[in-house]
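# Examining the three-dimensional arrangement
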Amino acid sequence: MRFLLVFICLSLLVSCQGDSEINDEVTGTVMEFEPSQLELDEIALDEQPQTVQDFFAVDNGLIGEDFCYNYSSISQLILFGNDTTEEWKMFEVSDNYLTAYHKECGVLLEFMTFELAGEKKAFLSQMTKNNQQFDYLKWNSKTERWNKMNRYPRPEMSDYFNILDSEGAELVNEYGSDIIYINPKSKSVTYEFSERAMLLSMGEKQQLEFNEKPDYRYELETTEDQLTLTRIPVYKEKLLNQSFLIAYGNLDNPPKALLKNSETIIAELSIDNLQFELVNYDAISNETTNFKVALASDTLDLSAIEQVNPEGGYWFYEKGKAPLVISHYESLEIIIQRAKAYFEADAE
């Protein structure tokens, strides 16, 4: 009987210890894990606009090595609004555009998405004062990442100039460089020849041998089914906004064919930098404006029209000359003939 009692006590003791060990094991497996920074970034990214999500789908391999890119800094800035590091400062995030700036390195980062022929595309620009990396990207829906496209329209260095002799063309092709600007509002890209970059690349001898100015810039349009490169004249500083045509009349009761004739005159004159405006006579003849017309580049005095025909006509002007005013009653042939003679004549 005593042996039985001892056995029961020992059994109870072992059982109690077993329960204690089990409880200890259960308690020991309950641990609190803090999410990693990458996990926090993924959570924050889901709440960001699509443009931001698209930007962070750019692989690090597409980021240039010379542009001070730091994922931790830029993710803190864009995803959490933390700019205390003062490395990256965000300028703007819109429906299709993101830009950030690194003050110390002088790096401007631009990213723009767009649709082209039903496919999702993007431009990525990383730029410093002396260097730029520009990439054309295509969205891969399977990997949900961006792929780099190596072929896209862009001008040759000599394409920025109208006429170059053989020596000039050789220098441009060897030392020439351009700058590429992203235009988020028009979803386009502008190519401009960089005279500064070329001068930095050339030695003193070559600089003395080359003094040409670029004649063109280029626009890369994304509005069609394919990227379209368009050449746009760059007017030399001495010619910029030098020639004007103002067609004037009472626009509530305008002279017949005033606008149509103006278009014909412009075509016949064939002056690349001719600035044209159609203005209301009532708006330029009252006391508040005193015949002043404010244009994008200049404010012009049209008081001479009052002496010729205030009802309507054409006001021609080239800087350095007195303006020429012709009534709309004159025949179109006479107007064109006199206008050509005016612009072809030398300033007195």
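What comes next is a walk through the structure.

Rules behind the numbers
Residues numbered from 1 in each chain as written. Predicted model: local features only at pLDDT ≥ 70, side-chain atom pairs only at ≥ 80, totals over all residues. Heavy atoms only, no water. Pairing = 2+ DSSP bridges. Helix = DSSP H or I, 4+ residues; strand = E, 2+ residues; numbered from the N terminus. Axes fitted to C-alpha atoms, helices over the stretch in contact; angles between N-to-C directions. Phe/Tyr/Trp six-rings, centres within 6.5 Å; stacked < 30°, edge-to-face > 60°. Buried < 20%, exposed > 50% of the residue type's maximum accessible area, 1.4 Å probe, protein only. Lys NZ or Arg CZ within 6 Å of the ring centre and 35° of its normal. Contact = heavy atoms within 4.5 Å.

## Remarks on the sheet that holds strand S3 (residues 107-116)
Spatially, six strands are ordered S1-S2-S3-S4-S5-S6 in an open sheet, and the strand pairing comes out antiparallel. The sheet terminates laterally at strand S1 (88-93) and strand S6 (145-149), the two strands that pair on one side only. Each adjacent strand pair in this sheet contributes to an overall mean axis angle of 25°, direction not counted. In terms of strand pairing, strand S2 (residues 97-102) meets S3 through six bridges, oriented antiparallel. Paired with Tyr97 across the two strands is Met112, which belongs to S3.

## So, the packing of aromatic side chains
Overall, the coordinates contain 18 aromatic pairs when judged by the stated rule. Judged by centre distance (4.8 Å) and plane angle (40°), the rings of Phe114 and Phe123 are tilted. Of the residues examined, Phe114 reaches a relative accessible area of 4% and is grouped as buried. By relative accessible area, which is 0% here, Phe123 ends up buried. Aromatic ring contacts, followed pair by pair, group Phe55, Phe56, Tyr71, Phe111, Trp139 and Trp146 into a single cluster. Sitting over the ring of Tyr216, Arg231 keeps its end group 4.0 Å from the ring centre. A cation sits over an aromatic face here: Lys321 above Tyr342, 5.0 Å from the ring centre.

## Thoughts on the sheet that holds strand S11 (residues 243-249)
The four strands lie next to each other as S12-S11-S15-S16, forming an open sheet whose pairing is mixed. In the strand order of this sheet, the two ends are held by strand S12 (274-280) and strand S16 (324-327), each with one partner. Neighbour to neighbour, the strand axes of the sheet diverge by 15° on average, direction disregarded. Relative to strand S15 (residues 312-318), S11 runs antiparallel, the two sharing seven bridges. Bridging across to S15, Leu245 finds its partner in Phe316. The strands touched by helix H11 (residues 332-344) within the sheet are S11, S12, S15 and S16, with S15 carrying the most contacts at an inclination of about 15°.

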